[in-house]
Amino acid sequence: MKIQIILFVILLSNSYAVAQKIRVVDQDNSSVFNVAVFNADKSKSAVSNAEGMVDLSIFADSTQLLFQHPSYQHRSLVKWEITNDVVQLKEQVFEMTDVVVSANKWEQDVSEIPNVIVSIESESIEKNNPQTSADLLAQSGEVFVQKSQLGGGSPKIRGFSANSTLIVIDGVRMNNAIYRSGNLQNVISIDPNSIEGAEVIMGPGSVIYGSDALGGVMDFHTKRLRFNSALAGESFIRYSSANDERTGHIDIRLGSKRLSSFSSFTYSSFGHLKTGGNRSENYPDFGKRPFYTTQDGLGADVLVENSNENEQIESGYEAWQMVQKFGYQASKKLQFTYGLYFSNTSDIPRYDRLTEPSNDGQGLAHAEWFYGPQTWLMHSLRAELKSESKIFDQARMVAAHQDYEEKRNDRGFGDDRLRIRTENVNVYSLNVDFDKGIPGDHSLFYGLEVLYNDVESDAIRKNINTNTITNAVTRYPNGGSQYYAGSAYASYIHRLPNFVFSGGLRFNRVGLEAKTSDPNAFFTNADRIELTNSAINGSFGTVYRGFSNQKISWNFSTGFRAPNVDDVGKVFEIDENDIIVPNQNLKPETSYNTELGWSGSKNSFTWRFTTFFTYLNDAIVRGPFQINGQDSIQIEGATRRIFAQTNVGEALIFGGSLALYYQLSKRIQANLNITETAGEERSSKQPLRHTTPVFGRFSIRYEHKKNNVELFTEFNGNRFRDDIPLTEIESKPYLYAAHSSNASQDGSPGWVTLNVRIRHQLSKNLVITSAIENIFDTHYRPYSSGISAPGRNFIIAVRGSL
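My aim in this report is to walk through the structure given alongside it, one point at a time. (Residues numbered from 1 in each chain as written. Predicted model: local features only at pLDDT ≥ 70, side-chain atom pairs only at ≥ 80, totals over all residues. Heavy atoms only, no water.)

Secondary structure assignment for the protein chain yields seven helices and 53 strands. Against the 2.2 N^0.38 benchmark of 28 Å for 802 residues, the protein chain shows a C-alpha radius of gyration of 27 Å, consistent with a compact globule. With the principal axes as the frame, the protein chain shows a C-alpha extent of 85 × 60 × 50 Å. Per-residue burial over the protein chain gives 57% buried out of 802 residues. Expressed as a percentage of contacts within the protein chain between residues at least 6 apart in sequence, the contacts between residues at least 24 apart total 66%. Carbon together with sulfur atoms contributes 55% to the accessible area of the protein chain, which is approximately 32800 Å² in total. Distance from the positive charge centre (79 side chains) to the negative charge centre (89 side chains) of the protein chain: 6 Å. (Helix = DSSP H or I, 4+ residues; strand = E, 2+ residues; numbered from the N terminus. Rg over C-alpha atoms; globule rule 2.2 N^0.38 Å. Buried < 20%, exposed > 50% of the residue type's maximum accessible area, 1.4 Å probe, protein only. Contact = heavy atoms within 4.5 Å. Areas by Shrake-Rupley, 256 points an atom, 1.4 Å probe, with all protein chains shown as cover. Lys, Arg positive; Asp, Glu negative; His and termini not counted. Charge placed at Lys NZ, Arg CZ, Asp CG, Glu CD.)

What follows is the structure, given as structure tokens:
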């Protein structure tokens, strides 16, 4: 920590005289000619030359400057805010939109894309101060995030979650063969402080990204390398009162004509999370932590009364995250990038399990339940080539190796044996993508992907008193598992004066093999499970742009998710009464999605409305299962009901979203985002687990020179018993609220919070951000979460740059 403080001080102490001549560039760092620069009353002006250079000596250092060009978005800066003698402008291809990079893996005007794309920019990341990348997504107001523990965050997109949504970072898919159907926390391995921007593609992304992208794709981009640039960097420290968060971050960029480097490091420490104390009279005890488990002097488990029932004891943890990128500019057309990504945590308490009551209801089921340490290491090599050949204009190759280690540690109350389950997953991937412009306003995107996952699973029981170690049943087959996939895709765009048509196809071939030394571990007579599946996915969409600054879009697409090792080979106790066993007869699940959207802007008002409908066939969900005609089995001395991942037939998901933006005045803006999804399994008429109640965010922001003030609310609607799967309520009743007088309103009550955030530019190199979240100290818990959200939370962050 001393080193971090020293580096932080060094960064803040470096300041430079305000440049008199600066260069105006675009997003590719190419010079922009004929950019007009004005002061506020336009009494003084200057214009950039052919090299993008403009002389600002006529302006005082404190002057607010406006940069204008008809092909670029206007930008306003105080003169002394200009860093590295460069001002970068964003291209304005279509007045109501921006440029995104995710839809076809290449930069593309969003006005041509029939999908909804939610963009998250570096500016909003800095202002919002997310503690994790899960929080980064939630703060958009358009992605629902569930948490089973403080060190977690499982995004839900259009009724899908976990292994049915895809996480991508710098062109590499993070999803691996043991991503489960239940909620998972892998997205927090990504450091939000290293992210320059992110996009969320709503709806199936299977044509471009392959299996797992049923609900959508979360595409993160770490900060770009800068060539021909001087030393630059930033650092910050942050404190949050609700969980005693202490975070320190530093990143440094170096660049020359040929070489470039980006280094980022973040350390975070989180204490026990304090939830809000103001509860509804209908749910007076919901979310309280009346007692917790510890050990007495003789090594026996005992219950201890919690002196503060709003403090969620056993929720804190620590995290370390690093990104190192090196770039080599071989020529103007060829660039290589090597990336090293590392994330590690301390033990992370599984808070929802630690609050699970025992069978008799008089105590707790678990004395210990924690993940960790959780480790993710990735190496990637990226090559990018620009060439006006007959087969491509741009080509990109990304090869990567990821090494995951996941540990689950649990011990029943009164049991002196700690079970330790360890999973190691090595993931190898290769992506090759091409972009080709075709005369007549056509574009073609195509590519290949190859994946290989190797899974090793181990389990022991360790006596905490004698240190005696015995074998235990592994979570996945103890002989190892392999998962492999190969695919090829092509996507095409045709532009007409008022219409844009797009379509694509992808062929997928996916297989797995799971082996065990004990056939009984599969609850069959076999010693291995083998599956091979193939699928062809397609999409077709159209965008109409005949109206001024508006677009109407329609899209049809199919999705595909092949069963992975977690689906097929897992042995897992749901609770003291139920167990999940392997099902080697699983089939892939496929989706058929259609959506209709209308977006536009007029004067100071911008809107986006979307509605969608998804038909899911052979949906993979947890359900009752039988072995040899029996619905229960004896395992480790206990009788448990049998469950497995099964294909349930058909499911329907539908919903919509609304996004509004209004510029009330030059300095005041208002934003509103609302989303809702619903769905059911058709034969049982049961609700689907990962659909969400109505949720969203409303904010009013005031900006003036050095100050930015935002007043905002976040909200969830009710999700009561009839809208929650029966198996979810029955297996986890302790996670949901019990209404004091009306059982039909048991479940997840709605909530709304009021929050304020202030950003102040102290100097050219120093920014301070403060916030009060949940001002009224309301107790609330997002739907399906196992830990309650923060109560009144005071946040302060100090950020320095050079």
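What follows covers the environment of glycine 546. When you line up the elements, glycine 546 lands in the loop between strand E36 (528–544) and strand E37 (550–561). The sequence separation of glycine 546 and glutamine 402 amounts to 144 residues, and the corresponding C-alpha distance is 46 Å.

To continue, consider the packing of aromatic side chains. Counted under the stated rule, the structure contains 18 aromatic pairs. Between phenylalanine 144 and phenylalanine 695, the ring centres sit 5.3 Å apart and the planes meet at 75°, which makes this aromatic pair edge-to-face. Separated by 551 residues along the polypeptide, phenylalanine 144 in strand E11 (residues 144–146) and phenylalanine 695 in strand E47 (residues 695–704) bring together distant segments of the chain. No difference in accessibility class separates phenylalanine 144 from phenylalanine 695, as the two residues are buried. A network of ring pairs unites the aromatic residues Phe499, Phe501, Phe540, Tyr544, Phe547 and Trp554 as a single cluster. If you follow arginine 697 out to its NZ or CZ, it ends over the ring of phenylalanine 712, 4.3 Å from the centre. Directly above the ring of tyrosine 783 sits arginine 719, whose terminal nitrogen or CZ lies 5.4 Å from the centroid. (Phe/Tyr/Trp six-rings, centres within 6.5 Å; stacked < 30°, edge-to-face > 60°. Lys NZ or Arg CZ within 6 Å of the ring centre and 35° of its normal.)

Judged by pairing direction, the sheet is mixed, and its five strands sit side by side in the order E10-E16-E17-E14-E15 without closing on themselves. Of all the strands in the sheet, the pair left with one neighbour each is strand E10 (117–121) and strand E15 (172–173). (Pairing = 2+ DSSP bridges.)

Right, let's get into the sheet that holds strand E2 (residues 36–38). Strand order in the open sheet formed by four strands is E3-E2-E5-E6, with antiparallel pairing between adjacent strands. The open sheet terminates on both sides in strands that have one partner only, identified here as strand E3 (45–47) and strand E6 (72–78). Averaged over all pairs of adjacent strands, the angle between their axes in this sheet comes to 20°, without regard to strand direction. Pairing between E2 and strand E5 (residues 64–69): three bridges, direction antiparallel. Bridging across to E5, valine 37 finds its partner in phenylalanine 67. (Axes fitted to C-alpha atoms, helices over the stretch in contact; angles between N-to-C directions.)

On the surface, Lys666, Arg667, Lys705 and Lys706 cluster together into a positively charged patch. With respect to the element layout, arginine 667 can be found in the loop between strand E45 (650–663) and strand E46 (668–681). (Patch = residues over 30% accessible without salt bridge, like charges linked within 9 Å, V, L, I, M, F, W, Y side chains within 5 Å. Salt bridge = Lys/Arg side-chain N within 4 Å of Asp/Glu carboxyl O.)

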